[in-house]
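Below are the chains, spelled out letter by letter.
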Amino acid sequence: MLLSALLIASTLLMPLASSRCSPVIRHFNKPAHHLTLWARTGRDSVFVGKEYGQVFDLVRVDGATTPAVGAAPRVVLVWWGLTASCERVRDTAWTPVPTGEALVVAQPRPEGQWIQGMPTFDILLNELYIPARAQQQFPRSTPLGIGEYWPLFAMVPAAELSPADARPYWERVLAWGRANPTRASRTPARQLLCHAKDRLELLRRGVDTSQYLFEERC
């Protein structure tokens, strides 16, 4: 058990460094000032200046939002990438999301910065889950649809919570996995449950994860 815990700590954690950006700020990282969107694609791309975005039909929104956003039939997502030093840069190589569903963790813009009158959100590409693309990445499995995944994702704690305050959230994530073993074996639930186990194991060992980046092993 001790050896296993040491291996987890050594393979998952690296000290923070200004010259390196974490590649694993996945879609289950939820900053408190962001909203979670369940959206359907199939609409046109939009360009405003040099910004690239895509229009989505809004199915559901979770988080502290305004009535105008919550009632909006359509929203615009503007795509961004990250440099090696974690600076946000315009993504010029992004291809439009195919027709289908997407779960997005996105930062809302003030109403004065909306595009074509539609609620507009900025999103990093690794804060996005698209079942159709997950199916291409894992052809031998059947990824969860957004409706299947939404209740589990709602349990993920806000990124700003301390490790101790986040503990009960990760425990509820694992409880969901035990109660839903079939769904728990599918992408992205499998990866999220693995991540939750690692978080709780490091908390059990008293590791201060606030000073480290998580390496992806799940």
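Everything in this summary refers to the structure shown in the same document.

1. A short note on the pairing of strand E7 (residues 101-108)
When strand E2 (residues 35-40) meets E7, the two strands line up antiparallel, connected through 6 bridges. Paired with Thr36 across the two strands is Val105, which belongs to E7. Here 2 bridges tie E7 to strand E9 (residues 128-129), and the two strands are oriented antiparallel to one another. Residue pairing across strands places Leu103 opposite Tyr129, the latter belonging to E9. With 2 bridges connecting them, E7 and strand E8 (residues 120-124) associate as antiparallel partners. Bridging across to E8, Pro108 finds its partner in Phe121.

2. Here's the deal with the side chain of Arg186
Within the secondary structure, Arg186 is located in the loop between helix H6 (181-184) and helix H7 (189-204). A distance of 3.2 Å separates the side chain of Arg186 from the side chain of Glu148, its partner in a polar contact. Once residues within four sequence positions are removed from consideration, Arg186 is found in contact with Thr142, Pro143, Leu144 and Glu148.

3. Things to note about H7
The first and last C-alpha atoms of H7 sit 22 Å apart over 16 residues, in line with the 22 Å expected at 1.5 Å per residue. Of all the 16 residues making up H7, 12 are buried; the element is thus mostly covered by neighbouring parts of the structure. For H7, every residue scored as buried is listed here: Ala189, Gln191, Leu192, Leu193, Cys194, His195, Ala196, Asp198, Leu200, Glu201, Leu202 and Leu203. One or two residues past the end of H7 sits Gly206, with phi positive at roughly 80°.

The rules behind each value
- Residues numbered from 1 in each chain as written.
- Predicted model: local features only at pLDDT ≥ 70, side-chain atom pairs only at ≥ 80, totals over all residues.
- Heavy atoms only, no water.
- Pairing = 2+ DSSP bridges.
- Helix = DSSP H or I, 4+ residues; strand = E, 2+ residues; numbered from the N terminus.
- Polar contact = N/O pair within 3.5 Å; in protein donor to acceptor, adjacent residues only side chain to side chain.
- Contact = heavy atoms within 4.5 Å.
- Expected span 1.5 Å × (residues − 1).
- Buried < 20%, exposed > 50% of the residue type's maximum accessible area, 1.4 Å probe, protein only.

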